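# Commentary on secondary and tertiary structure
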Amino acid sequence: VTCSDAVRLIGSAIEGGVSRRPLRALTTHLEQCQSCCAEAMTQILVKRTLAATPDARPPDTLVEKIARRLDVETASAKPADRRGRPPQKKTAARLV
Amino acid sequence: VDPDRTFVTQAAAGSREAFDELVRRYRRPVYNLVRALTGGDDDAEDLVQDVFVRAFRAVRGFRGDSAFKSWLYRIAINVVHTHLQRRRTRDAFSGARTVDAASGDVPNGDDLEEAVVRRQAIERALAALPEQLRVLVVLRDVHGLKYDEIAKIVKSPRGTVESRLFRARQQLRPMLESLVVMRPPVAGSVAAEDDTAGSELACEASPCGGKEDEYGKDDG
């Protein structure tokens with residue numbers, strides 16, 4: 001495994017997407033190559049740090065505000081005609 | 001199987017109650033997604049409303065080719081993208097400084113919960129990434145979506161997603177230096193049963209050629 005092979009494999013390996021044999025080869029390389037190992041650590045630590053991002057709690061009013069906006073949407077939606085066709089826009093040309 | 005299927009089907013048939021249930025299920029993840037994509041923007045609440053209004057308008061046409069969650073996240077990404085474009089234009093004309101995660105402006109943590117400070121620091125770091133990379137790293141590392149789902153959402157090949165994600169993490173590392181989450185090293189992680197590896201690399205057991213990890217010893 002060369003350094004460029006290792007860099008190519010690291011991303012997949014931390015996602016569990018590398019099969020046993022290439023993973024062993026990668027691991028052996030990482031034990032011997034400080035720069036690739038540092039790269040692997042970067043990928044792992046950033047992934048882990050982001051996965052531990054604390055959840056933000058949405059404001060309590062959010063659902064109510066969404067519901068109000070949807071009420072407006074529902075009220076402004078024009079009903080389809082009896083054949084189920086959507087309402088057509090009355091353009092200026094058709095009005096002439 | 002999409003766990004939302006029943007409600008999505010009912011919502012697509014015009015059930016407002018079913019859509020309201022989807023809002024209840026997804027308000028929190030969408031709110032967090034929008035915050036992460038905007039760098040903790042004050043407009044996040046309004047943007048989340050826009051996301052659900054757009055989804056409500058479009059749900060009749062949802063064919064179920066992807067999971068509802070992926071579809072909804074796609075809408076959120078589009079809403080945020082439009083918002084960021086407008087904000088950049090507005091800031092360019094007004095001379096205002098855009099969000100600058102690299103500026104090192106860390107909020108005073110004395111009066112804030114640690115989690116809030118931590119989240120804000122992460123949001124600021126994410127805001128410094130190019131939008132194209134930020135979307136990927138947020139979907140994968142913050143929200144845990146699978147590569148294939150992400151590839152569908154951003155309409156890019158899986159290989160492109162992987163390589164961009166790699167770059168995104170490289171760029172984030174210096175900005176997250178004070179926040180990195182260490183864990184006790186795992187002694188070897190080669191999967192015992194199947195043919196694929198675990199999700200951690202064995203190099204963690206002896207970081208970087210047996211020398212002490214340059215990022216400090218694990219305190220666990």
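Computed from a predicted structure; not experimentally measured. (Residues numbered from 1 in each chain as written. Chains lettered and ligands numbered in written order. Predicted model: local features only at pLDDT ≥ 70, side-chain atom pairs only at ≥ 80, totals over all residues. Heavy atoms only, no water.)

### Here we look at the overall build of chain B
A count of helices and strands for chain B gives eight helices and zero strands. Mapped from its N terminus to its C terminus, chain B presents α and β elements in the order α-α-α-α-α-α-α-α. Within the span of chain B, comprising 220 residues, buried residues form 45% of the whole. Split by element, the accessible area of chain B, about 11,300 Å² in all, is 47% carbon and sulfur. (Helix = DSSP H or I, 4+ residues; strand = E, 2+ residues; numbered from the N terminus. Buried < 20%, exposed > 50% of the residue type's maximum accessible area, 1.4 Å probe, protein only. Areas by Shrake-Rupley, 256 points an atom, 1.4 Å probe, with all protein chains shown as cover.)

### Some words on the side chain of R119(B)
Examined against the element boundaries, R119(B) turns out to sit in helix α5 (residues 114-127). Take R119(B): its relative accessible area is 11%, and that puts it in the buried class. Residues within four places of R119(B) in sequence aside, it is in contact with T53(A), P54(A), D55(A), A56(A) and R35(B). (Contact = heavy atoms within 4.5 Å.)

### What about helix α7 (residues 147-154) of chain B?
All names here are of chain B. The complete set of buried residues in α7 reads Y147, I150, A151 and I153. Buried residues of α7, viewed axially, fall in a sector of 165°; they line one side. Just beyond α7, the residue with positive phi is K155, at close to 55°. (Arc of directions from axis to C-beta.)

### Some words on the packing of helix α6 (residues 131-142) of chain B against helix α8 (residues 158-172) of chain B
Residue and element names in this part refer to chain B. Interhelical geometry of α6 versus α8 gives an angle of 95° and a closest axis separation of 9 Å. Considering their axes alone, α6 and α8 lie roughly perpendicular with respect to each other. Within the contact between the two elements, α6 uses Q132, L133, L136, V137, R140 and D141 and α8 uses V161, R164, L165, R167, A168, R169, Q171 and L172. Among the residues forming the contact of α6 with α8, the class breakdown is seven nonpolar, two polar and five charged. (Axes fitted to C-alpha atoms, helices over the stretch in contact; angles between N-to-C directions. Parallel < 35°, antiparallel > 145°, perpendicular 65-115°, else oblique. Nonpolar A, V, L, I, M, F, W, Y, C, P; charged D, E, K, R; others polar.)

### Side note on the confidence of the model for chain A
Predicted coordinates in regions of low pLDDT should not be interpreted in detail. All names here are of chain A. Taken over all residues, the pLDDT of chain A has a mean of 83, while the share at 70 or more is 80%. When the elements of chain A are averaged for pLDDT, helix α5 (residues 92-95) gives the smallest value, 39, and helix α2 (residues 20-32) the largest, 94. Under a pLDDT of 50 for its full length, residues 89-96 has, in the predicted model, three contacts with residues more than four places off or in other chains. (pLDDT = per-residue confidence, 0-100.)

### Examining the pattern of salt bridges
Under the definition given, this model contains 24 salt bridges over all chains. Note that E15(A) and K47(A) form a salt bridge whose closest N and O atoms lie 3.3 Å from each other. Taken together, the residues E15(A) in the loop between α1 (3-14) and α2 and K47(A) in helix α3 (residues 34-51) connect sequence positions 32 residues apart. In terms of burial, E15(A) and K47(A) fall into one category: buried. Close ionic contact of R173(B) with E177(B) constitutes a salt bridge, the shortest N to O distance being 3.2 Å. When salt bridges that share partners are traced, they join E15(A), K47(A), R140(B), D141(B) and R169(B) into one network. (Salt bridge = Lys/Arg side-chain N within 4 Å of Asp/Glu carboxyl O.)

### Remarks on the side chain of S70(B)
Take S70(B): it is sitting in helix α4 (residues 68-94). Apart from the residues within four sequence positions on either side, S70(B) is in contact with E149(B) and I153(B).

### Looking at the environment of A125(B)
If you trace the backbone, A125(B) turns up in helix α5. A125(B) sits 86 residues away from G39(B) along the chain, and the two C-alpha atoms are 7.8 Å apart.

### Things to note about the packing of helix α2 (residues 16-38) of chain B against helix α3 (residues 44-58) of chain B
Residue and element names in this part refer to chain B. Two elements in contact, α2 and α3, have axes whose closest approach is 9 Å; the angle formed by their N-to-C orientations is 140°. One way to sum up the angle between α2 and α3 is to call them oblique. In the crossing of α2 with α3, the sense of the turn from one axis to the other is right-handed. The segment α2 lies against α3, with R16, F19, L22, V23, Y26, R27, V30, Y31, V34, R35 and T38 engaging A44, E45, L47, V48, V51, F52, A55 and F56. Among the residues making up the contact of α2 with α3, the classes are represented as 14 nonpolar, one polar and four charged. (Left-handed = near helix turned anticlockwise from the far one by under 90°.)

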